[in-house]
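One-letter residues, chain by chain:
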Amino acid sequence: MNLLRATIATALVLGLCACNEPPTEVGSAVIFDTTRVQQISSTALPLLVATRSISTPTYLFNAGVLYIGQTPELHATTLLRFTTLPDTLGWITANDIISATLLIRPHRYVIGDSITNLLAFSVHQLQRAWITADSAGSIVIEPRWYDLFSADRVPNPLYFDPTPLALFDGSEKIPLTDSLKDVEIPLTSYGLQIVTGWLQKMADTNLRKTVYGIGFVPSRTSTVVREFETQPVGDVSRQLVRLRIVYRRRDGITDSLMVYSGNDATFVSARELSGGVLPIQSVVRSEVAMTLDLSTLPPLDAVLNAQLTVWTDTTQRLAGNYGIPTTMELAYRDSTTNYSLGFVGGQQKESSRFVFPNIGPLVDYLRQRKQGRGTVLFRSRNFRLERLALYGTDAPDSLRPRLVITYIPRLQAP
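Residue numbers restart at each chain and count upward from 1, following the sequence in its written direction. Where local features are concerned, this predicted model is filtered to residues with pLDDT of at least 70; where side-chain atom pairs are given and counted, the filter is 80 or more; whole-chain, interface and lining totals use all residues. Working from all heavy atoms in the structure, the side-chain values ignore hydrogens and water.

Trainee: What am I meant to see in the overall build of the chain here?
Mentor: The numbering of helices and of strands both runs from the N terminus, where a helix is a DSSP run of H or I of at least 4 residues and a strand a run of E of at least 2. What the chain contains, in helices and strands, is four helices and 25 strands. Based on C-alpha atoms, the radius of gyration is set beside the globule rule, defined as 2.2 Å times the residue count to the power 0.38. Taken against the 2.2 N^0.38 rule, which gives 22 Å for 414 residues, the C-alpha radius of gyration of the chain at 30 Å runs more than 25% over that of a compact globule. Principal-axis analysis of the C-alpha atoms gives the chain an extent of 110 × 55 × 45 Å. Within the chain, the proportion of its 414 residues that are buried is 47%. Residue contacts are counted whenever heavy atoms from the two residues lie within 4.5 Å of one another. At a minimum sequence separation of 6, the contacts of the chain that also span at least 24 residues come to 81%. Under the scheme applied here, a residue whose accessible area is under 20% of the maximum for its type counts as buried, over 50% as exposed, and between as partly exposed, the area being computed with a 1.4 Å probe on protein chains only.

Trainee: Which parts of the structure should I look at to understand the pattern of salt bridges?
Mentor: Two side chains that carry opposite charge are able to pair once their charged atoms sit near each other. When a carboxyl oxygen of Asp or Glu lies within 4 Å of a side-chain nitrogen of Lys or Arg, that pair is called a salt bridge. Following the criterion strictly, the structure yields 16 salt bridges and no others. Between Asp-251 and Arg-249 there is a salt bridge, and its shortest N-O distance comes to 2.7 Å. On the accessibility criterion, Arg-249 (32% relative accessible area) is partly exposed. One network of salt bridges, in which partners are shared, links Glu-73, Arg-271 and Arg-387.

Trainee: Just to check I follow, could you spell out the layout of surface pockets for this structure?
Mentor: Cavity and pocket criteria rest on a 1 Å grid covering protein atoms alone: a 1.4 Å probe that fits but cannot get out defines a cavity, protein on both sides within 12 Å along at least 5 of 7 lines defines an open pocket, and an atom within 4 Å of a point defines a lining residue. Grid points are joined across faces, edges and corners, and a volume is the space filled by probe spheres set on the points. Size it by volume and the largest pocket reaches roughly 400 Å³. Around the largest pocket sit 19 residues that line it, and Ser-55, Ser-269, Ala-270, Val-284 and Ser-286 are the ones nearest its centre. Those elements giving two or more residues to the lining of the largest pocket turn out to be strand 2 (48-55), helix 2 (145-148), strand 16 (254-270) and strand 17 (278-281). When residues of the lining of the largest pocket are assigned to their parent elements, the largest contribution, three residues, is made by strand 16. Estimated volume of the second largest pocket: approximately 270 Å³. Lining the second largest pocket are 15 residues, and of these Arg-81, Arg-208, Lys-209, Val-211 and Tyr-212 sit closest to its centre. Sorting the residues of the lining of the second largest pocket by element identifies strand 5 (74-82) and strand 9 (131-133) as the ones contributing at least two each. Looking at the lining of the second largest pocket, the element that brings in the most residues is strand 9, giving three residues. Gly falls in the polar group here, along with every residue not listed as nonpolar (Ala, Val, Leu, Ile, Met, Phe, Trp, Tyr, Cys, Pro) or charged (Asp, Glu, Lys, Arg). Taken together, the residues of the lining of the second largest pocket break down into nine nonpolar, three polar and three charged.

Trainee: Hey, could you run me through the packing of aromatic side chains in this one?
Mentor: The description of an aromatic ring pair uses the distance of the two centres, along with the angle that the planes make with each other. In summary, the pairing rule links any two rings of Phe, Tyr or Trp, Trp by its six-membered ring, whose centres are within 6.5 Å, and it sorts them by plane angle into stacked for under 30 degrees, edge-to-face for over 60 and tilted for everything else. A complete count under the given rule lists 11 aromatic pairs for this structure. Ring centres of Phe-121 and Phe-168 lie 5.2 Å apart, and the angle between their planes is 20 degrees; this geometry places the pair in the stacked category. Here the residue Phe-121 occupies a position in strand 8 (residues 121-125), and Phe-168 occupies one in strand 11 (residues 166-168), the gap between them amounting to 47 residues. We classify Phe-121 as buried; its relative accessible area is 1%. Taking the relative accessible area as the measure of exposure, Phe-168 reaches 6% and is therefore buried. Ring pairs connect the aromatic residues Tyr-67, Tyr-109 and Tyr-322, which therefore count as one cluster. If you follow Arg-384 out to its NZ or CZ, it ends over the ring of Tyr-109, 4.9 Å from the centre. Two conditions define a charge located above a ring, namely a distance within 6 Å from the ring centre to NZ of Lys or CZ of Arg, and an angle within 35 degrees of the ring normal.

Trainee: Can you walk me through unusual backbone geometry in this structure?
Mentor: Trans is the prevailing form of peptide bonds, just as negative phi is the prevailing case for residues other than glycine. Phi is positive for Arg-285, which is not a glycine, with a value near 60 degrees. Looking at the element boundaries, Arg-285 is found in the loop between strand 17 and strand 18 (286-293). The exposure class of Arg-285 is partly exposed, given its relative accessible area of 36%. If you check the backbone angles, Asn-338 has positive phi at about 65 degrees while not being a glycine. Positionally, Asn-338 belongs in the loop between strand 20 (327-334) and strand 21 (339-347). Look at Asn-338 and you get exposed, because its relative accessible area is 54%.

Trainee: Please clarify how the nonpolar core should be interpreted in this entry.
Mentor: Note on soluble globular proteins: their nonpolar side chains tend to be buried together. What we call a nonpolar core is a set of buried Ala, Val, Leu, Ile, Met, Phe, Trp, Tyr and Cys residues that are connected through their side-chain atoms within 4.5 Å. Counting 40 residues, the largest nonpolar core has Leu-102, Trp-198 and Leu-243 as its most contacted members. The greatest single-element share of this core, amounting to six residues, is contributed by helix 3 (residues 189-202).

Trainee: Where do I start with the side chain of Glu-227 in this structure?
Mentor: Inspection of the secondary structure assignment puts Glu-227 in strand 14 (residues 224-229). Here a polar contact is recorded for every N or O atom pair within 3.5 Å, except that within protein the pair must consist of a potential hydrogen donor and a potential acceptor, and residues adjacent in sequence are included only if both atoms are side-chain atoms. One polar contact links Glu-227 to His-107, side chain to side chain, over a distance of 2.8 Å. Sequence-distant contacts of Glu-227, defined by excluding residues within four places in its chain, comprise Val-65, Leu-66, Tyr-67, Pro-106, His-107, Tyr-109 and Arg-384.

Trainee: Before we go on, may I ask you to explain helix 3 in this structure?
Mentor: Helical geometry note: an α-helix holds 3.6 residues per turn, so side chains three or four residues apart project in the same direction. With 14 residues, helix 3 should reach 20 Å at 1.5 Å per residue; the first-to-last C-alpha distance of 20 Å fits that figure. Within the span of helix 3, buried status applies to Gly-191, Leu-192, Ile-194, Val-195, Thr-196, Gly-197, Trp-198, Leu-199 and Met-202. Residues of helix 3 that are buried sit in contact with strand 5, strand 6 (97-104), strand 8, strand 13 (214-218) and strand 15 (242-248). Take the number of residues in a helix, subtract one, and multiply by 1.5 Å to get its expected span.

Trainee: Which parts of the structure should I look at to understand empty space enclosed by the protein?
Mentor: A probe matching the size of a water molecule, rolled over the atoms, marks out where space remains unfilled. All told, the structure shown has one cavity of 30 Å³ or more when counted by the stated rule. Within this model, the largest cavity holds a volume of roughly 30 Å³. A class-by-class count of the residues in the lining of the largest cavity yields four nonpolar, three polar and one charged.

Rendered as structure tokens:
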């Protein structure tokens, strides 16, 4: 027994003496022979082939917030329909409507020239359906921003009644505080006629289908885009947009009713960037696609680390009063298998650089399953209107995306 113990102790001592240096900081769970560790960079091999901008015209639907306003960079409009208009007031006439007031709850968030803080817009009756249901009963939002406005931001008369039913001229500044009361916008005499027509149509099962709702059209005098409150699906704690109608009943008694919005959609358009940089912006759905080609990598046993660095143009970013995003997302999805990977890059302190510390799993997957080739997407992790501007692969050398791979090369046969 003593001989066995001595033999085991001797083996352990020899094993410890045979070990190389302590493990490096590459994050591997296996202790590799660090004398063989090598690095290769996209500055030496064409690992990052191309970048391009992808903009997908989209919208926010019943998202809990809506945006209205205009700046030199942004244009935001909202459509909504009222789903609680009563069907019992078909007898009403314009003389019976005493007043009608639109109530909308602002949030503190603003983007644009918050010093001037001027928001002006008009409210228009919608003249065609913007929300429908398909054959399966699923909701379909039909227009996109380019259907609603021309390239120079003129509203499309096919959607918007040219005569506004209410005006918010900007003379009332919405403060930038955390707790805000409703903005109250009285309807014009024309607006009262429109409301009368809605109430009359609601009494007819066919005509009620032609009550499409209202649209907010920002005025060119606006210097900001503001965020307003609505209800996301399943959350009744927030305020909807409301329409308060004061009217005279048949018996002459003054009465009132509150009508609530039930569906809303926000559409945002952003100005194109100059100088070859690529936008990353959430609500506008601007993303950057980058193509990788790792087929030129030398034969290797293991990827220990793959650090990706990208640079942004700070002169073309957009920041709201909640600041600028300090992280971005890198996403990959294999469309043939639905396999996906995601990584988060963080901005380096007092720098325009964003670093993804280790995308090694992506490098491994592309090498093993895709002959080293694949396309990834840079996306915003912000859910508002802030914008980052990314330098692509055709930027000057010092600003191009850079991939540095730390690896163990494959041993060659003697």
